[in-house]
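# Examination of the molecular architecture
One-letter residues, chain by chain:
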Amino acid sequence: MLYNLNKPNTFEEAELRRNLFWAAYATERIFNAFNALSSGFMDEDCSQILPRTDRSQTYAPVPGRQRIIGHNVLITHPKLVTDSFTLYIKATVILGRVKSFNRSFLYTCSNGDQTTEAFVNLASNSDGMSGGQNKPANAVTTVKPQDTVEFKALDNLIGSFLTSIPADLRDPIGWNTGMKPDPILYMTHMLPHMATIASHDPHANVFSVRDISAQKILSAARAILELIYKICATTYDLLYLDHSSSKAWFIAGVTFIRFLSARTIQNDEAEVACLTQELNAVKLFLGNLGDRTRIGLRQIKLLETVYTMEMAAAKRGGHTHIAQSVALQGIYLLQRFNMRKPAHFE
């Protein structure tokens, strides 16, 4: 571990260690975002300063360095200390916080804890008095995750992060600047959409066109697909993308499968045709990446398996639940330990 190393001899060596730590942090947050495993450490325990901009010509100390535990640090980007890697780390922090919320809510419900203020609400009648005619005064009703203060704050944070990205870092492809694509910035633009899917997917009713969570995860999947179109419209070698890009593409693909299965059951031919086209695009480009990387190959094989099983069930008038909840795949792991799945996620 880095804390076992001797004190760095130069500013350059100190910065190298910080970047190494943040690279490990980002990898852990991204690849553990969609399972039930706990994070290696909490953000509250992380006091390391964020990476500095690579536009600096010297490794001398730069004022204004940020820490992830600071106030509004995820939506405030000082120019002297902000570049694509800094934004990348901040996006992974958001993804990690969504994972922490999902896991915390899952365990709270699984343990039958009805006393946590964030997740419960006192039953009240129309005149605001505690308790109704048919309910005891101390009755509690579990609140839906979407109605909690924490969930709404995370949802707002994701949107605020996207709008707060500096103007010179809003084009990961480089069309407006004449520069080549930036793989780190490209992944940065996909991470908020992954966070949206992770937060809303467990609660989305894909059979309802009016369901807010369903609308948001479909919009997020299409935003990822738009980024796929953009990068594949260039001559950039996909091999040089961040390896977690394939995971984002896979998440978008599974989301399309969920909606495709639902629309197939509902016999909505127009939507089926549209979703099939979008899913095929994801499969095509993920397959191209799978031809060159092992992780891409694993993702495309898994996507094909989910598609085959889900669509076979849809044609029989049902669904397999395999693609029902991307963000809570860990539920199946928890069930091995005889933990009850909360009603909200059924």
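See the structure above.
Criteria and thresholds
- Residues numbered from 1 in each chain as written.
- Predicted model: local features only at pLDDT ≥ 70, side-chain atom pairs only at ≥ 80, totals over all residues.
- Heavy atoms only, no water.
- Axes fitted to C-alpha atoms, helices over the stretch in contact; angles between N-to-C directions.
- Helix = DSSP H or I, 4+ residues; strand = E, 2+ residues; numbered from the N terminus.
- Parallel < 35°, antiparallel > 145°, perpendicular 65-115°, else oblique.
- Contact = heavy atoms within 4.5 Å.
- Nonpolar A, V, L, I, M, F, W, Y, C, P; charged D, E, K, R; others polar.
- Phe/Tyr/Trp six-rings, centres within 6.5 Å; stacked < 30°, edge-to-face > 60°.
- Buried < 20%, exposed > 50% of the residue type's maximum accessible area, 1.4 Å probe, protein only.
- Lys NZ or Arg CZ within 6 Å of the ring centre and 35° of its normal.
- Left-handed = near helix turned anticlockwise from the far one by under 90°.

### Digging into the packing of helix 6 (residues 245-265) against helix 8 (residues 294-315)
- Orientation of helix 6 relative to helix 8, taken along the N-to-C sense of each, is 10°, at an axis distance of 10 Å. Judged by the angle between their axes, helix 6 and helix 8 are roughly parallel. Across the interface between the two elements, Ser-246, Lys-247, Phe-250, Gly-253, Val-254, Ile-257, Leu-260, Ser-261, Thr-264 and Ile-265 from helix 6 touch Ile-295, Gly-296, Gln-299, Leu-302, Leu-303, Val-306, Tyr-307, Glu-310, Met-311 and Ala-314 from helix 8.
- Split into classes, the residues belonging to the contact of helix 6 with helix 8 amount to twelve nonpolar, six polar and two charged.

### Some points on the packing of aromatic side chains
- If you walk through the whole model with that rule in mind, you get six aromatic pairs.
- Between Phe-21 and Tyr-25, the aromatic rings sit 6.4 Å apart at their centres with planes inclined by 40°, giving tilted as the arrangement. Within this pair, Phe-21 and its partner Tyr-25 are both found in helix 1 (residues 11-31), separated by four residues, close to a single helical turn.
- You can call Phe-21 partly exposed: its relative accessible area is 21%.
- On the basis of relative accessibility, which here comes to 1%, the residue Tyr-25 falls in the buried class.
- Here the aromatic residues Phe-21, Trp-22 and Tyr-25 are joined through ring pairs into a cluster of three or more.
- When the ring centre of Tyr-307 is taken as origin, the NZ or CZ atom of Lys-283, which lies over that ring, is 4.1 Å away.

### What about the packing of helix 7 (residues 269-290) against helix 8?
- Put simply, helix 7 and helix 8 touch, their axes get as near as 7 Å, and they point 150° apart. Taken as a pair, helix 7 and helix 8 cross one another with a handedness that is left-handed. Judged by residue contacts, Leu-279, Val-282, Lys-283, Leu-286, Gly-287, Leu-289 and Gly-290 of helix 7 engage Gly-296, Leu-297, Gln-299, Ile-300, Leu-303, Glu-304 and Tyr-307 from helix 8.
- Partitioned by chemical class, the residues of the contact of helix 7 with helix 8 number eight nonpolar, four polar and two charged.

Coordinates in, geometry out; function isn't part of it.
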